[in-house]
Amino acid sequence: MLKTLEAALDIFFPPTCLNCGKKISPSEFLCPACQDFERMPALVCQKCAQPLKTAQGANLCSLCRRKNIYFFDRIIAPFVYKNPLSQILKLFKYYHYAYLGDFLKDKLADFILQAGFNYKEYDFITYVPMHKTKLREREYNQSKILASKLSKDLKIELKESLKAKAYLKSQVTKNKRQRKEEIKDNFSALENLKDTRIILVDDVVTTGSTVSECARALKEKGAKEVAVWAIARNINENPA
């Protein structure tokens, strides 16, 4: 009876791609074309993950060579933040498509394993927190969902290590300088982290300001290394 009902629903309400609206099989939610996310270039800065034109000293971009502007030690992200992935991440983040967490987690975990990143050397995994008011509004933290699923898959301890001090409005329309000023000192670590190596998870890195401030808070409590994992990275038009 249930299978008959499902078949009838597929006839009258065929499943469609979440991004482009094309018809897809019932077991999918994106068509093949919309799953073909643009990968990050092979040659990126080993700290901020911005693309490099050519190999440079320690494979750092010109900005990371000149200034110590980020508190994290490196960013690992498999994809460029652009459509169709940016649309999928917005559904995941803002519109209660929490079930996309498994799909996105698999994409990130596969990349981590293929890249040979030795995550077993890290003490635990944590995530970018939300202020309690924003969490009530959103009803879930997409970064926590990703971190929790990665923790289970990769068998790394998950810890709630950070707290957001203030409620901040959406950062989407703000430029890098505005984001940096507004987010500064907005996070605090919840425990002593002396000599720990930590994986910090977020869904997307745009300017790097949020994850940098999270890393600052962790290092102020003694963390010696913070590696950022994200699904996607916003990249500059012109490689460094």
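Above: the structure in question.
In what follows, the accompanying structure is described. (Residues numbered from 1 in each chain as written. Predicted model: local features only at pLDDT ≥ 70, side-chain atom pairs only at ≥ 80, totals over all residues. Heavy atoms only, no water.)

A count of helical and extended segments in the chain gives 8 helices and 7 strands. A buried classification covers 45% of the 240 residues belonging to the chain. For the chain, the proportion of contacts with a sequence separation of at least 24, taken over those separated by at least 6, is 72%. Put simply, the chain shows about 13,100 Å² of open surface, and 50% of that area lies on carbon and sulfur atoms. (Helix = DSSP H or I, 4+ residues; strand = E, 2+ residues; numbered from the N terminus. Buried < 20%, exposed > 50% of the residue type's maximum accessible area, 1.4 Å probe, protein only. Contact = heavy atoms within 4.5 Å. Areas by Shrake-Rupley, 256 points an atom, 1.4 Å probe, with all protein chains shown as cover.)

The next subject is the pattern of salt bridges. For the coordinates displayed, the defined rule picks out 12 salt bridges. Notably, a salt bridge pairs D73 with K219, separated by 2.9 Å at the nearest N-O pair. Separated by 146 residues along the polypeptide, D73 in the loop between α2 (62-66) and β1 (74-76) and K219 in helix α8 (residues 209-220) bring together distant segments of the chain. For K219, a relative accessible area of 27% translates into the label partly exposed. (Salt bridge = Lys/Arg side-chain N within 4 Å of Asp/Glu carboxyl O.)

When you line up the elements, L30 lands in the loop between α1 (2-12) and α2. Residues L30 and P84, spaced 54 residues apart in sequence, show a C-alpha to C-alpha distance of 9.8 Å. Apart from residues lying up to four places away in sequence, L30 is in contact with C17, L18, N19, I24, Q35, F37, I88 and F103.

The next subject is helix α6 (residues 142-154). One turn of an α-helix holds 3.6 residues; hence residues three or four places apart share an orientation. Helix length check: α6 (13 residues) gives 18 Å between terminal C-alpha atoms against 18 Å at 1.5 Å per residue, within 8%. Those residues of α6 that sit buried are Q142, S143, I145, L146, A147, L150, S151 and L154. Check the buried side of α6 and you find it contacts α3 (85-94), α4 (100-115), β3 (124-127), α5 (132-138), β6 (197-205) and β7 (225-233). Among the residues of α6, the N-terminal cap falls to N141, whose side-chain oxygen and the backbone nitrogen of S143 are separated by 2.8 Å. Phi turns positive, to about 60 degrees, at K155, one or two residues after α6. (Expected span 1.5 Å × (residues − 1). Polar contact = N/O pair within 3.5 Å; in protein donor to acceptor, adjacent residues only side chain to side chain.)

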